[in-house]
Amino acid sequence: MKKKNIFILLGILVALVLITVIMENMGKRDEKKANEESILFPGFAADQVSSIQIKIKDKEVRLNKEGDSWLVATADNYPAEQESVEKMLDKFAELKSKLTASKSVAKHSQFEVDAVSGISVMLMGKSDEDVLAHLFVGKMGSDYTTTYIRKAEQDAVLLADGYLKSLFDKGERGWRDRKIFDFDTSQVQRLTLTSQDKETIAIESQGDGSWQIIEQEVSPGKKDAVDKIISDISKLSADSFAEKKEPIEEGADPLKEYKLDEPQSTVTVDLKDGSVRILHVGDQSNQNFYVKKEGQDTVFMLYKSKIDRIFKDIEDLKAEPTEQQETDEIKPESTP
């Protein structure tokens, strides 16, 4: 009798285990199916996108792919910020939502996913008629960590994770690449700072990581201070782009309006390979300066604080005298 009870209990246990395994497998299949169904643009491939159209109210931005690079067609084909474009495309590939906020067309304006108040983002393939994805991005969710969105061909308003507006709306800066310089600091041979207020300071690499001031005076350079200036210049990015100013006089140099025809200050970086990087600094506008890279027509804006970090007084760039130097300076002259 006892053996019979044991076999019954074992049978029940085996049955429970089998039921548990089956339920888990079904749950996993359902979860996988739910995840697949939540992807908004299944099969979307970023490398198939050739053009992007972004409309925000009455403004339109057009990005076109040329080779491996993206250009801002609506800004005279200026190079686009590649990383920002790639982030946007990656988001489209993974975009999903498990919550439907509304299925009513009347609610589109409330969630700002209509053609008037929403951000319209259209991704095209080989032609404008080849629409790979079209999305309206609306307002932030009440939890501040989600965003209302709508596929253009559907009425349903969905709630997606993340604050998505920043991916598509770049504000006044736009999609243009703000990078001014990008070079290896270890390749710098000489740094020359020329300004009306502080005259010219030239600093040369000694090849061992140290610096020598060779103009306004000759003196060892303060390593940390010089390294910081060169580091700031090597990865210099604009804070914004200057509004285009037409010359007051016909035929006049357009750079005159920014005082860049005769720069107020200039930064020159000579690299070991013989190439040179030059930045001209023009007029000040509020807390910004107009600047221009040598060999490029674009006029950028830089915060005054960035300019101040570059142009230092020579005393700020001189190395502290060593104890031996101090002793030599105060050592009395020997008498015969």
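Quantities reported herein were computed from a predicted structural model and do not represent experimental measurements.

A. View of the pairing of strand β3 (residues 69-72). Bridging between strand β2 (residues 59-66) and β3 involves four bridges; their strand directions are antiparallel. Note that in β3 the partner of L63 across the bridge is V72. Linking β2 back to β3 in an antiparallel pair, the connection comprises two residues, with G67 at a positive phi of about 70 degrees. As defined by bridge partners, β3 adjoins strand β4 (residues 78-79) across two bridges and the pair is classed as antiparallel. Across the sheet, V72 pairs through a bridge with Y78, a residue of β4. The loop that links β3 with its antiparallel partner β4 comprises five residues; one of these, D76, has a positive phi angle of about 55 degrees.

B. Seen up close, unusual backbone geometry. Positive phi, close to 60 degrees, is recorded for N77, a residue that is not glycine. Mapped onto the fold, N77 is located in the loop between β3 and β4. Taking relative accessible area as the criterion, N77 reaches 44% and is therefore assigned partly exposed. Located in the positive-phi region is N286, a residue other than glycine, with phi close to 55 degrees. Mapped onto the secondary structure, N286 falls in the loop between β16 (276-285) and β17 (288-293). According to the relative accessible area criterion, N286 is exposed, its value standing at 67%.

C. Highlighting helix α2 (residues 82-94). Taking 1.5 Å per residue as the helical rise, α2 with its 13 residues ought to reach 18 Å, and the 19 Å between its terminal C-alpha atoms agrees with that figure. Among the residues of α2, those classed as buried are S84, V85, M88, L89 and F92. In an axial view of α2, the angular spread of the buried residues amounts to 135 degrees, which keeps them on one side of the axis. The elements touched by buried residues of α2 are β1 (51-56), β2, β3, β6 (119-124), β7 (131-140) and α3 (165-168).

D. The arrangement of the packing of aromatic side chains in detail. Throughout the structure, instances matching the rule amount to eight aromatic pairs. Taking 6.0 Å as the distance between ring centres and 40 degrees as the angle between the ring planes, the aromatic pair formed by F44 and F92 counts as tilted. Of the two residues, F44 sits in the loop between α1 (2-38) and β1 while F92 sits in helix α2, which places them 48 residues apart along the sequence. On the basis of relative accessible area, F44 is assigned to the buried category, the value being 14%. Residue classification places F92 among the buried positions, given a relative accessible area of 0%. Between F241 and F300, the ring centres sit 5.5 Å apart and the planes meet at 45 degrees, which makes this aromatic pair tilted. With F241 in strand β14 (residues 240-241) and F300 in strand β18 (residues 299-303), the pair connects residues that are 59 residues apart, well separated along the chain. You'll find F241 and F300 in the same group, each marked buried. Counting every residue linked through ring pairs, the aromatic cluster contains F41, F44, F92 and F168.

Conventions used here
- Residues numbered from 1 in each chain as written.
- Predicted model: local features only at pLDDT ≥ 70, side-chain atom pairs only at ≥ 80, totals over all residues.
- Heavy atoms only, no water.
- Pairing = 2+ DSSP bridges.
- Helix = DSSP H or I, 4+ residues; strand = E, 2+ residues; numbered from the N terminus.
- Buried < 20%, exposed > 50% of the residue type's maximum accessible area, 1.4 Å probe, protein only.
- Expected span 1.5 Å × (residues − 1).
- Arc of directions from axis to C-beta.
- Contact = heavy atoms within 4.5 Å.
- Phe/Tyr/Trp six-rings, centres within 6.5 Å; stacked < 30°, edge-to-face > 60°.

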